[in-house]
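Summary of the model geometry
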Amino acid sequence: MGELSKPIEYYEEIIGHAREIILVLDRDNNVLYANVAATAAYGYSQAEFVTLPVMSLWVVSSHQESEAIKAQLSRGGLFQTVHRRKDGDAFPVEVSSRIMSFDKNSWVIAVVRDISDRLRTEESLQHQEEIFGLFMEYSPIYVFFKDENIRAIKLSKNYESLLGRPLEDIIGKTMDELFPADLAQQMIAD
């Protein structure tokens, strides 16, 4: 692999056009640099960004919360919070921050990811799991899921009354362990 003849320019280009929002902050949490993704996500120009204290991007409900975020930024790490665009629209984000030091100077590098889609997907999945759970709890028909060895891995709640045992005692059992031999063999064949 060849060497980069002008590494600084290449790195600036890579960071400038990265898909993730990248902010460079001074130790007082002022924005020194915002990449193209940041200007697109927040609606501020590059010139506006460098006049902003970074906390103006955060949605905070108290002074204590603001101080906790500043402390998290200065320690470095990964955390979730809520940011605000120039138009006032709030959106959930995941922030990964790290301290970088060079020539007696130090900066906070914050990589920010909009997690709106991920949270909507998680909420939808949770809702679907709730519906499925209610179905398995109150189904009037016997519903079962079995693995490749025909062991029960998920059963509707009504199996408890059918078999006279709690579900936790039934899960993982084969048909032979749960039913009389003739019935078990018929069920396996089916």
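One can find the structure itself at the top, above this paragraph.
Heads up: these notes are all about the structure in this document.

**Topic: the packing of aromatic side chains**
For the coordinates displayed, the defined rule picks out five aromatic pairs. With 5.6 Å between their ring centres and 55° between their planes, tyrosine 42 and phenylalanine 91 make a pair best called tilted. Note that tyrosine 42 is positioned in helix α2 (residues 36-42) and phenylalanine 91 in strand β4 (residues 90-102), a separation of 49 residues in sequence. Judged by its relative accessible area of 2%, phenylalanine 91 is buried. Pairing tyrosine 142 with tyrosine 159 gives two aromatic rings, centres 5.1 Å apart and planes at 65°, and the pair type is edge-to-face. You can see tyrosine 142 sitting in the loop between α5 (116-138) and β6 (144-146) and its partner tyrosine 159 sitting in helix α6 (residues 159-163), a full 17 residues away along the chain. What makes tyrosine 159 buried here is its relative accessible area of 7%. Aromatic ring contacts, followed pair by pair, group Tyr42, Tyr44, Phe49 and Phe91 into a single cluster.

**Thoughts on a nonpolar patch on the surface**
A cluster of nonpolar side chains, contributed by Phe132, Phe135, Ile141, Phe145 and Ile153, occupies part of the molecular surface with about 460 Å² of accessible area. Looking at where phenylalanine 132 falls in the secondary structure, it is placed in helix α5. Using a relative accessible area of 31% as the deciding quantity, one classes phenylalanine 132 as partly exposed.

**A short note on the sheet that holds strand β3 (residues 77-84)**
Taking strand neighbours across the sheet as the criterion, the five strands line up as β2-β1-β5-β4-β3 in an open arrangement whose pairing is antiparallel. Single-partner strands in this sheet number two, and they are β2 (31-34) and β3. The mean angle between the axes of side-by-side strands here comes to 30°, regardless of whether they run parallel or antiparallel. In this structure, β3 lies alongside β4, joined through eight bridges in antiparallel fashion. Paired with histidine 83 across the two strands is phenylalanine 91, which belongs to β4. Helix α4 (residues 63-75) rests against β1 (21-25), β3, β4 and β5 (105-114) of the sheet, and its axis sits at about 135° to β3. Contacts from α5 reach β3, β4 and β5, with the element oriented near 130° to β4.

**Thoughts on the side chain of asparagine 29**
Within the secondary structure, asparagine 29 is located in the loop between β1 and β2. Relative accessible area serves as the criterion here: at 9%, asparagine 29 is assigned to the buried category. Excluding residues within four positions of it along the chain, asparagine 29 makes contact with Pro53, Val54, Lys70 and Leu73.

Conventions we followed
Residues numbered from 1 in each chain as written. Predicted model: local features only at pLDDT ≥ 70, side-chain atom pairs only at ≥ 80, totals over all residues. Heavy atoms only, no water. Phe/Tyr/Trp six-rings, centres within 6.5 Å; stacked < 30°, edge-to-face > 60°. Helix = DSSP H or I, 4+ residues; strand = E, 2+ residues; numbered from the N terminus. Buried < 20%, exposed > 50% of the residue type's maximum accessible area, 1.4 Å probe, protein only. Patch = residues over 30% accessible without salt bridge, like charges linked within 9 Å, V, L, I, M, F, W, Y side chains within 5 Å. Areas by Shrake-Rupley, 256 points an atom, 1.4 Å probe, with all protein chains shown as cover. Salt bridge = Lys/Arg side-chain N within 4 Å of Asp/Glu carboxyl O. Pairing = 2+ DSSP bridges. Axes fitted to C-alpha atoms, helices over the stretch in contact; angles between N-to-C directions. Contact = heavy atoms within 4.5 Å.

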